Amino acid sequence: MTDVGNASAVRSLDAVTVRVRAANPSPLHLSGTNTYVIGDPTTGEALVVDPGPDLPDHRATIEATMADLGVHVAAVVITHHHLDHSEAVGWAGLWGAVAYAFDPSRVPGARPLADRATLPLAGVAVTARHLPGHCSDQMGLQIEETGVVLTGDHVLGEGTTFLAWPDGDLGQYLASLQELKAMRPTALYPGHGEVVEQPAQRIDDLAAHRAQRTAQITAALAVGAQTVPEIVAQVYPGLDPHLRSAAGRSVSAHLTALEAQGMARRTGERWHGA
Ligand SMILES: [Zn+2]
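This is a predicted model, so every value here is computed, not measured.

Asks: Sorry, what's going on with the layout of surface pockets here?
Replies: It is the rolling of a water-molecule-sized probe over the atoms that shows where space remains empty. The space that makes up the largest pocket amounts to roughly 470 Å³. Forming the walls of the largest pocket are 24 residues, and the residues nearest its centre are Leu-28, Thr-160, Thr-161, Phe-162 and Leu-243. For the lining of the largest pocket, the secondary structure elements donating two or more residues are helix H5 (199-222) and helix H7 (244-260). For the lining of the largest pocket, the residue count by class is 10 nonpolar, nine polar and five charged.

Asks: Even after reading the chapter, I still don't get the sheet that holds strand E11 (residues 188-190), so can you show me in this structure?
Replies: Strand pairing within a sheet occurs via backbone hydrogen bonds; the two strands may be parallel or antiparallel. Taken in spatial order, the four strands of this open sheet run E8-E9-E10-E11, and their pairing is mixed. Two strands lie at the open edges of the sheet, namely strand E8 (126-130) and E11, each paired on one side alone. Recorded for the sheet is a direction-independent mean angle of 25° between the axes of neighbouring strands. Across two bridges, strand E9 (residues 139-143) lies against strand E10 (residues 149-152) in antiparallel orientation. The residue bridging Gln-142 from the neighbouring strand is Val-149, located in E10.

Asks: Before we go on, may I ask you to explain the coordination of the zinc ion in this structure?
Replies: When a metal holds four donors in a tetrahedron, each ideal angle between them is 109.5 degrees; when it holds six in an octahedron, the ideal angles are 90 or 180 degrees. Around the zinc ion, the protein contributes the donor atoms Asp-84 (OD), His-85 (NE2), Asp-153 (OD) and His-192 (NE2), which lie 2.0 to 2.2 Å from the metal centre. In this structure, the zinc ion is surrounded by four donor atoms whose angles at the metal cover 82 to 163°, and the resulting shape is irregular. Along the chain, the residues that donate to the zinc ion are spaced as D-H-x67-D-x38-H. Of this pair, His-85 sits in helix H2 (residues 83-86) while His-192 is found in the loop between E11 and H5, placing the two residues 107 residues apart along the sequence.

Asks: Sorry if this is basic, but what is going on with the pattern of salt bridges here?
Replies: When their charged atoms lie close together, side chains carrying opposite charge are able to pair. Across all of its chains, the model carries 10 salt bridges by this definition. A salt bridge links Asp-204 to Lys-181, with the nearest nitrogen and oxygen atoms 2.7 Å apart. You can see Asp-204 sitting in helix H5 and its partner Lys-181 sitting in helix H4 (residues 170-182), a full 23 residues away along the chain. You can call Asp-204 partly exposed: its relative accessible area is 33%. The exposure class assigned to Lys-181 is partly exposed, which follows from its relative accessible area of 30%. The network of salt bridges with common partners includes Asp-115, Arg-116, Arg-129 and Glu-179.

Asks: How do you make sense of the packing of H5 against helix H6 (residues 228-235) when you look at a structure like this?
Replies: Helix packing for two helices is described by the angle between their axes and how far apart those axes are. Running from amino to carboxyl end, H5 crosses H6 at an angle of 120°, the nearest separation of the two axes being 10 Å. The element H5 and its partner H6 pack so that their crossing is right-handed. Only Ile-231, Gln-234 and Val-235 of H6 make contact with H5, whose side of the interface consists of Arg-213, Gln-216, Ile-217, Ala-220 and Leu-221. A class-by-class count of the residues in the contact of H5 with H6 yields five nonpolar, two polar and one charged.

Cut-offs used in this document
Residues numbered from 1 in each chain as written. Predicted model: local features only at pLDDT ≥ 70, side-chain atom pairs only at ≥ 80, totals over all residues. Heavy atoms only, no water. 1 Å grid on protein atoms, 1.4 Å probe; cavity = no way out; pocket = protein on both sides within 12 Å on 5 of 7 lines; lining within 4 Å. Points joined across faces, edges and corners; volume = space filled by probe spheres on them. Helix = DSSP H or I, 4+ residues; strand = E, 2+ residues; numbered from the N terminus. Nonpolar A, V, L, I, M, F, W, Y, C, P; charged D, E, K, R; others polar. Pairing = 2+ DSSP bridges. Axes fitted to C-alpha atoms, helices over the stretch in contact; angles between N-to-C directions. Donors = N, O, S within 2.8 Å, 3.2 Å for Na, K, Ca; no water. Tetrahedral: all angles 85-135°; square planar, octahedral: opposite > 155°, others 65-115°. Salt bridge = Lys/Arg side-chain N within 4 Å of Asp/Glu carboxyl O. Buried < 20%, exposed > 50% of the residue type's maximum accessible area, 1.4 Å probe, protein only. Left-handed = near helix turned anticlockwise from the far one by under 90°. Contact = heavy atoms within 4.5 Å.

Structure below.
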């Protein structure tokens, strides 16, 4: 895990994108939440994607970044409702900007942003895409000028995202991976971690990883693991205890998918291979 210390970290990623990383590192959040400031400085308008956790230092760094670029916030997009991305949605109001999210009922104060909608931003064309799986309201944003896709937590900079079952769903996640691949991204800018420079390869690896997990869970059922914690213990040996709950939700997502395919059945809290 990368340690960014106490202050937000700023990095320019391309001609229209600056990343401001919040100081909320954890096993689940990797080195912290990535906030992205996107805009063409010649137009003076910027889009802020995932303001992140409500940390005063983080807000100050985002505002200083915009001042450096000579831009003001025209819109804020929340990629999904999880608090490490959405908690600071209220900053949009302070900045005189509108906040958008796929499901405003889960992001207070946001307006709806539909699949394939474009954002009103001068100088940079941004298209939203619904990419459910990590959770049901996960969105990605493609920057037409660069071909880059901001993935939120659909794809991370390292490791695999967890499936926040029952809101998260394995079938949706796998379909969203193919959806993302079909967007032909030139790079992925994730909600946590570093830039993914080889998107197609990474997407194939993530799909293969899920197939491997399904095989491991099927094998765990075959040798007598029955409850989700028992399956987690078999499939994730040596797991950081902080990640146990997330792993359990991913396992539940896999079990639910296996059940739908007639390959597992459930009795109360106990699961059995079919
Ligand atoms: Zn996150």
